[in-house]
Amino acid sequence: MLLEPPLGGFFIVSIFIKILFMRSSLLSILFITSYFLLLSQPLQTVRGNIYESETNFPLTGVRVQVFTGDSTIRLITASKGDGSFTIKNVPIGKHQLTAKLSMFDEAGQVIEVSSGKELIIDLPMTEMIQEQEEVTIAARRKGAVLNEMAVLSAQQFSVEETNRYPGSRMDPARMASNFAGVQGSDDSRNDIVIRGNSPLSVVWRVEGIDIPNPSHFAISGSTGGPVSILNNKILSNSDFFMSAFPAEYGNSTSGVFDLRLRNGNNNRHEFTGQFGFLGTEFLAEGPMSKSGKSSYLVMGRYSTLSIFQAIGIKIGTDAIPLYGDGAFKFNWKVKNGGMISWFGIGGKSKIDILISDQTELTDELYGESDRDQLFGTSMGVSGINYKKPLSEKTFISATIGVSFEEQHTDHIYLHRSLDTINEITQQNIITQQINISVDSSFNLMAYDFMKTKLIGHLGIKHKLNKKNILKLGFNAEGMYMSQNDSIRSTFNSSSAFTKRWDYSGLSILVQPFVQYKLRINDQMDFTAGIHSQYFSLSNSISVAEPRFGWKYRFGNGQSVFAGAGMHSQTQPNYTYTYHLLDNNGNKIYHNKNMDFIRSIHTGAGYEKFFLKQGISVRTEAYYQHLYNIPVTINPSSFSLINMGSGFSRIFPDSLQNTGTGTNYGVELTVQKFFDKSYFFMFSGTLYESKYVGSDGIERNTSFNGNYVANLLVGKEFKVGKKQIIGLGLKSTVAGGKRYGYPDVAQTQALNEIIFTDSAFNERQFKYYFRLDLKISWRMNANKMTHEIGLDLVNVTNNRNLLSLVYAPKLDPNDSSDPIAEKQQLGFLPIFYYKVDFRPKVKNNTQAYRY
């Protein structure tokens, strides 16, 4: 089983570090800001929508109150017929918002109001089963997932909360790696490893439809990369599911990131600009008509380093990662409470790693030092979503969209030699300078993979009565793939090219579902569902995958929950279409009939929520059995369960669905949600991740680190009425990466790292440790908010180990093995300056002060 040499993705990260320290003067830009102060306290508007949590039907007459942080002012309003509410002249700062309506549980949350942007929030409210007289009903818990069908193994992704996490680089995937059960201990990528599963098992979803890998420099078939295309400025609160998720989600045995895009402000125009080390970006939003029934939100980002290069600023290297991305959402309110949205997300990236330009001997590039690599990727998705409450009991959501993704590369192999130059200094000391020169070069390998999808989603939710809710629908996609890949048979310019991929064709993936929720009483819920799945390329079908969940709340903020589910997943598309040739030169798609990977997942847990303190304690235990995993027909340690991270594709031999795997563990989360001035979170996981290949031997999977723990703390200090200083600290410790014993002879023969099969994953690197620090300053001026931040990643400069790599020796006198240890990211400071601002509008009051 062969892996191609890595494309050089870790080099992308190393370039960032090199540029930063060679041009530290760039940090001075951080402090070139100007601002003005007003003597009066800035005021802002808080708006939102209130709806029934099960059917999304707008609620009228809800009493909405804002209690200011110092409790001196109380602002009150009521929601209108469309569920909307507006409270004007709210002082900046942190306040408590509550919503009350007869026969509904009270809803509320701590809100943070700034001068640069209006605050727009959505508040779901849950109908009571029985009227409670003279009893205080607990408000909807902060951090509760938005999908009412999920009762376990789920976490709300709060944009406000996760933005404060140090070391996350404003990347949703890296933010999610702080959750219990999630591992992200590869500094060069944002892969999401959930409960020991491969990142291949993660599904990204936006507005109801599955989307391609939302990462720059993404390898075909992967779900992560060095830089995210997603930007948290366009996201609303979303849901993150781990394993036993509701029946509407499928084609995953690990997790689903169900992202929601926020709407633009339909009342006034607002703008955001940001300049930072990772990108320069601009966002605009506002109404498209005076009626306020439509809005727009558009944003774009471009890599800051490439801007410097374009205007002639020297930054120390020519291998600049170039990338840009953008997103938009246009929203229209239609008759009878309907809503139509047109949205889109996309990005493009490229990097030229030119080893031929290097003249000095270095081990920096390891396995990539024998070739030039030209690599580029692009992805995009756009769709139209329609939502409408058909009645007080029925809600429909439909999305149709199209997505595109493409990856291409060229590898140019280099024959190089060393020249030793002796020089005599003025002190008559002989020094040696070793220069590298390129003797010859030739095209070694190239590929171009492209995939286009037409995607559809339909979901209908009907509330039979207070206790019974039914949801059904389907997800479907039609896919066209074009794949071309050629490589020389040997490392010789006279060798002929061999085609490894030469495929184009259509396929479909259809996933119908039905799910049911029984609210037995106000304390107990039961959910059940069935998911089905059919994939035409391999003619694979999963007729019925049952899912169950149960939750019981027994007062004092305590609850217990349990659930189980069956799941299935397709393989990376390119593994179906890799071909061999028979004796007559005909293509044989030897793995085209691979079946789904299948999984049975069970879990149970306990949670205690301390309402007054805003603290949640949650523990969950899980067990997952995976089967039908593709492994080689000939006995070996290979299993597709280990693929999915890093920058390499695989070239599989003939596979069969006979492999198995097991994941089990226990998780603990202790979290204080940010309210007045501080937050903290501890998340810890103890776990095992094992598999069995076709040789019948149980081994550690490549993702079995055995443990991971995160501690995050943050505190904000108010300076006067308008300025805030923020400090945040994050510490991560995790088990080291798995690896085996390299086969030196095969490594030298194939020019890539090859491990002995019998001892695969028997060794483990030293534990991973990283300490991050975040410092920020924010000022609320009149109609404008300034923010300056500095994220100090790996402040202790700990040299964590990532893997062993092939390191060819250019010096003929060097007899050591061509193997080297690849280290992870060192110390990396990331700075940014952001400003939110809005034009002046006429002010009036729509709320009463008490």
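Residues numbered from 1 in each chain as written. Predicted model: local features only at pLDDT ≥ 70, side-chain atom pairs only at ≥ 80, totals over all residues. Heavy atoms only, no water.

1. Remarks on the pattern of salt bridges
Applying the stated criterion across every chain, the model contains 46 salt bridges. Notably, a salt bridge pairs Glu620 with Arg195, separated by 3.2 Å at the nearest N-O pair. Here the residue Glu620 occupies a position in strand E34 (residues 615-632), and Arg195 occupies one in the loop between strand E11 (193-194) and strand E12 (202-206), the gap between them amounting to 425 residues. Each member of the pair, Glu620 as well as Arg195, is classed as buried. Through salt bridges with shared partners, a single network forms among Lys94, Glu112, Glu160, Arg164, Glu716 and Arg778. (Salt bridge = Lys/Arg side-chain N within 4 Å of Asp/Glu carboxyl O. Helix = DSSP H or I, 4+ residues; strand = E, 2+ residues; numbered from the N terminus. Buried < 20%, exposed > 50% of the residue type's maximum accessible area, 1.4 Å probe, protein only.)

2. Considering the pairing of strand E17 (residues 255-259)
In terms of burial, E17 is a largely internal element, five of the five residues being buried. Side-chain alternation along E17 places Gly255, Phe257 and Leu259 on one buried face and Val256 and Asp258 on a second face that is also buried. As defined by bridge partners, E12 adjoins E17 across five bridges and the pair is classed as parallel. Each bridged residue has a counterpart across the sheet, and for Val203 the counterpart in E17 is Val256. In the sheet, strand E16 (residues 238-242) pairs with E17 via four bridges, with the strands oriented antiparallel. Across the sheet, the residue bridging to Met242 is Gly255, located in E17. (Pairing = 2+ DSSP bridges.)

3. Structural notes on the confidence of the model for the protein
Per-residue pLDDT for the protein averages 86, and the proportion of residues at 70 or more is 87%. Here residues 23-39 scores under 50 on pLDDT; set against residues more than four positions off or in separate chains, the count is 26 contacts. A low-confidence stretch, residues 843-850 (pLDDT under 50), is modelled with 22 contacts involving residues beyond four sequence positions or located in other chains. (pLDDT = per-residue confidence, 0-100. Contact = heavy atoms within 4.5 Å.)

4. Considering the packing of aromatic side chains
One pass over the full model with this rule turns up 31 aromatic pairs. Each ring, one from Phe449 and one from Tyr574, has its centre 6.3 Å from the other, and the planes form 40°; the classification is tilted. Placement of Phe449 in strand E25 (residues 430-463) and of Tyr574 in helix H5 (residues 573-577) is noted, with a sequence separation of 125 residues between them. By relative accessible area, which is 2% here, Phe449 ends up buried. Exposure remark for Tyr574: the relative accessible area of 6% places this residue in the buried category. Ring geometry for Tyr552 and Phe554: centres 5.9 Å apart, planes at 20°, overall stacked. (Phe/Tyr/Trp six-rings, centres within 6.5 Å; stacked < 30°, edge-to-face > 60°.)

5. Notes on the sheet that holds E16
Taken together, the five strands give an open sheet; going across it, the order is E9-E16-E17-E12-E13, and neighbouring strands pair in mixed fashion. Looking at which strands have only one partner, the edges of the open sheet turn out to be strand E9 (154-157) and strand E13 (209-210). As defined by bridge partners, E9 adjoins E16 across four bridges and the pair is classed as antiparallel. From the neighbouring strand, Phe157 faces E16, where its bridge partner is Ser238.

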